[in-house]
Amino acid sequence: MSTPAMATSRPGMSSGPTSEFSLFFRVKTGEGESLRAALHELQQTPGYRPGDHGLAIATIHEARFVLFDDDTRLVFATSFDGPWDAYMEDFFTSGPTLALFDAIFRHVEGYEGLPDRPALSKFILGAQQTAAAYARNYGGTVKEIRKAERVNRAFQQVLDDPDAAQALQHPVLKPLLDEAAD
């Protein structure tokens, strides 16, 4: 079930520990091609390349930029874990992400650089629109999901080890083995 997040600490709607976040911008006249090039550069950056799964802000589930209306509008949509203030702190201190943000948003109206955190927050909140609806297909935070993936890899190693066959026969492991067989 999604609920509106508290306006003072968490813009957007939330589902469990995760909030959606959508920003809408007008692209500066004649900047569409340059913005598209900056987005391409972002997509080539470690952590942002398809399959890397290592974004600098570790609480982000996904992030996407969409140019539309003949490259005159830009949407940035993401979802993240935890409170808004912690997300902004991670963003503002993430080094490479901040530089990438600057390279992209210099092409949109209203952006005046990154002088300080209050100015950045004001710019972001000025473009933010809360979703009319928000749903997730899975529970868990990014940290929990990454742990589950590590545990699964380790468990698969145990299942593949012939020396583990006897231990895997123990009745207490039946629920785990039933889940693994799915």
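Rules and cut-offs
- Residues numbered from 1 in each chain as written.
- Predicted model: local features only at pLDDT ≥ 70, side-chain atom pairs only at ≥ 80, totals over all residues.
- Heavy atoms only, no water.
- Helix = DSSP H or I, 4+ residues; strand = E, 2+ residues; numbered from the N terminus.
- Buried < 20%, exposed > 50% of the residue type's maximum accessible area, 1.4 Å probe, protein only.
- Arc of directions from axis to C-beta.
- Contact = heavy atoms within 4.5 Å.
- Phe/Tyr/Trp six-rings, centres within 6.5 Å; stacked < 30°, edge-to-face > 60°.

**Q** Please explain unusual backbone geometry as it appears in this structure.
**A** If a residue is not glycine, its phi is most likely negative; likewise, a peptide bond is most likely trans. In this structure, Asp69 is a non-glycine residue whose phi angle is positive, near 50°. Locating Asp69 in the fold gives a position in the loop between strand S4 (60–68) and strand S5 (73–81). Even without being a glycine, Asp70 presents a positive backbone phi close to 55°. Position of Asp70 relative to the elements: it lies in the loop between S4 and S5.

**Q** What should I look at first to understand helix H2 (residues 84–92) in this one?
**A** In an α-helix, one full turn covers 3.6 residues, which means residues spaced three or four apart are oriented alike. Among all positions of H2, only Trp84, Tyr87, Met88, Phe91 and Phe92 are buried. The arc that holds the buried residues of H2, viewed along the axis, is 130°, so those residues lie on one side. Turning to H2, the residues buried within the fold contact strand S3 (18–26), S4, S5, helix H3 (96–105) and helix H4 (117–127).

**Q** What is the right way to read the packing of aromatic side chains from this model?
**A** Any pair of aromatic rings gets described here by the distance separating the centres and the angle formed by the planes. Inspection of the entire model under this criterion finds 15 aromatic pairs. Taken together, a centroid distance of 4.8 Å and an interplanar angle of 40° make the contact between Phe65 and Phe76 tilted. Taken together, the residues Phe65 in strand S4 and Phe76 in strand S5 connect sequence positions eleven residues apart. Phe65 sits in the partly exposed class, given a relative accessible area of 25%. Overall, Phe76 belongs to the buried group, its relative accessible area being 10%. Residues Trp84 and Tyr87 carry aromatic rings whose centres are separated by 6.0 Å and whose planes lie at 40° to one another, so their mutual orientation is tilted. In this pair, Trp84 and Tyr87 both sit in helix H2, three residues apart, roughly one turn of the helix. Take Trp84 and Tyr87: they sit in the same class, and that class is buried. An aromatic cluster of at least three residues, connected via ring pairs, comprises Phe25, Phe65, Phe76, Phe91, Phe101, Phe105, Tyr111 and Phe123.

Honestly, it's all geometry; don't read function into it.
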